[in-house]
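Structure assessment
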Amino acid sequence: MMGKQSGQIQMVILDIDSMIPEDHLLRRIKNCVNFDFIYEKAAPYYSPVGRKSIDPVVLIKMLLIGYLYGIKSERRLEEEVSLNLAYRWFCGIDLMHRVPDHSTFSQNRKRRFQEAGIFREIFNEIVLKCIELGIVSGETGVADGSFLPSNVSWDSRYEAVETVQRSTVKYMEELEAELSFMPGYKEPENVKKEKESLKSRTDPECGYIHQARKKGLGYLTEMTVDTRHGIITGVDCYPANQRESDIILEHLKGQPCKYQEIGLDGGYDIGAVHRGLEL
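A brief structural summary. (Residues numbered from 1 in each chain as written. Predicted model: local features only at pLDDT ≥ 70, side-chain atom pairs only at ≥ 80, totals over all residues. Heavy atoms only, no water.)

**Comments concerning the packing of aromatic side chains**
Spelled out, the test is: Note on ring pairs: Phe, Tyr and Trp rings are taken, using the six-membered ring of Trp, and paired if centres are within 6.5 Å. Classes follow the plane angle, with under 30 degrees stacked, over 60 edge-to-face and the rest tilted. Strands here are runs of E lasting at least two residues and helices are runs of H or I lasting at least four, both read from the DSSP assignment and numbered beginning at the N terminus. Whether a residue is buried, partly exposed or exposed follows from its accessible area with a 1.4 Å probe, protein chains only, as a fraction of its type maximum: under 20%, in between, or over 50%, in that order.
Considering all chains together, one arrives at three aromatic pairs under this definition. Note on W154 and Y208: the rings are 6.4 Å apart at their centroids and 40 degrees apart in plane angle, and the pair reads as tilted. Remark: Y208 occurs in strand β4 (residues 207-210) and W154 occurs in the loop between β1 (140-149) and β2 (157-166); sequence separation between them is 54 residues. By relative accessible area, which is 40% here, W154 ends up partly exposed.

Right, dumping it as structure tokens:
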């Protein structure tokens, strides 16, 4: 006998927690990381009066879901969290509440958190938690840079002429202080010159990638990975018209994990980097 759904709407009491498998990635993360520290980090960026904002922990968890599951569009992220029970459960949004609008993410980035450094603080806090749990050893790490193309049209490019200050590369404060005490050291002159560079009208922060295998507009990302379990402990992003050897020391210094050994490729093999690592 053929079955047919009646279409009758029923009222049920649903326990979402019981529907999430024990080995689900989001459950494993939730069991290990308490995200409540974000409230303290985000407190300076909210007014003590006025209408309540979207929960900042929910915003960060949704961004984490987007990263983990390759959801690059904020509009699609809103839709996926709304439809996926595991995503809702991880963010603490029950079925009776609406998922934050995709425009909320853009407005928080542009108005509240831009240049605030809060995302780095949250990242570093989670790395410290990994160190406490023994997931990150801090013994040996490997670092490298990678050029990533920007999501812009090549037709958006234009030649910009900027007046920049010509001086020696600033590696890090400790190294600069040591060099200043060496015999014959001279403070670099503040000489200004005009520099031509390619920029994008739609993404003015990117730079021009000029490599044998890669060309175009994009960014240089510098990343460090702890070798014990492959956990990323540091990420920095720069315009593509930079050299990896110029940024590696500050990149390593800004991490909460202080490595005993660091593996680098031949692109970093210059005297300043060697001495900086010693320091």
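**Details of the state of the cysteines**
Selection rule: Working definition: a disulfide is two cysteine sulfur atoms within 2.5 Å of each other.
By the definition in use, this model includes zero disulfides. Here C32 stays free of any disulfide, with the sulfur of C130 as its closest cysteine sulfur at 8.6 Å. Looking at the unpaired C237, the closest cysteine sulfur is the one in C206, lying at 10 Å.

**Concerning empty space enclosed by the protein**
To keep it simple, the criterion reads: Detection works on a 1 Å grid of protein atoms alone, calling trapped sets that fit a 1.4 Å probe cavities and calling open sets with protein on both sides within 12 Å along at least five of seven lines pockets, with lining residues defined by an atom within 4 Å of a point. Grid points are joined across faces, edges and corners, and a volume is the space filled by probe spheres set on the points. Residues are grouped as follows: nonpolar covers Ala, Val, Leu, Ile, Met, Phe, Trp, Tyr, Cys and Pro; charged covers Asp, Glu, Lys and Arg; every other residue, Gly included, is treated as polar.
Taken as a whole, this structure holds two cavities of 30 Å³ or more when the rule is applied. If you trace the largest cavity, you find it lined by L59, I60, L63, F105, N108, R109, F113 and F119. Breaking the lining of the largest cavity down by element, the ones donating at least two residues are α3 (56-68) and α6 (102-112). Taken together, the residues of the lining of the largest cavity break down into six nonpolar, one polar and one charged. In this model, the second largest cavity occupies a volume close to 30 Å³. Looking at the lining of the second largest cavity, the elements with two or more residues in it are α2 (37-42), α3 and α7 (118-132). Tallying contributions element by element places α3 first for the lining of the second largest cavity, with three residues.

**Some words on helix α9 (residues 244-253)**
For the record, the criterion: Contacts are assigned to residue pairs that have any heavy atoms within 4.5 Å of one another.
Counting buried residues in α9 gives eight out of 10 residues, a clear majority hidden from the surface. Within α9 the residues assigned to the buried category are E244, S245, D246, I247, I248, L249, H251 and L252. Those residues of α9 hidden inside the fold are in contact with β1, α8 (173-180), β5 (215-226), β6 (231-239), β7 (261-263) and α10 (271-278).

**As for the side chain of D226**
Cut-off, in case you're wondering: Within this scheme the basic residues Lys and Arg register as positive and the acidic residues Asp and Glu register as negative, but His and the chain ends are omitted. By salt bridge we mean one thing: a side-chain nitrogen of Lys or Arg within 4 Å of a carboxyl oxygen of Asp or Glu. What qualifies as a polar contact is a pair of N or O atoms within 3.5 Å, subject to a donor-acceptor requirement within protein and to the restriction that residues adjacent in sequence count only when both atoms come from side chains.
Structurally, D226 can be placed in strand β5. Buried and without a salt bridge, D226 has R228 as its closest oppositely charged side chain, separated by 5.5 Å. Side-chain polar atoms of D226 contact the backbone nitrogen of S137, separated by 3.4 Å. Setting aside chain neighbours within four positions, we find D226 in contact with I135, V136, S137, G138, E139, T140, G141, I231, T233 and Y259.

**Re the pairing of β5**
As a reminder, the rule being used: The rule for pairing is simple: two strands pair if DSSP sees at least two bridges between them.
In terms of residue burial, β5 counts as a mostly covered element, since nine of its 12 residues are buried. Relative to β5, β1 runs antiparallel, the two being bridged by nine bridges. Each residue of the ladder has a partner; that of D144, found in β5, is M223. Where β4 lies against β5, four bridges are found, and the strand directions are antiparallel. What sits directly across from I209, in β5, is G216. Counted along the chain from β4 to the antiparallel partner β5, the turn is four residues long. Here β5 pairs with β6 via eight bridges, running antiparallel. Counterpart to V225 in the pairing with β6 is I232. Taken together, β5 and the strand that follows it, β6, pair antiparallel across an intervening segment of four residues, in which G230 is found at a positive phi of about 70 degrees.

Scope: geometric values only; no functional claims are made or implied.
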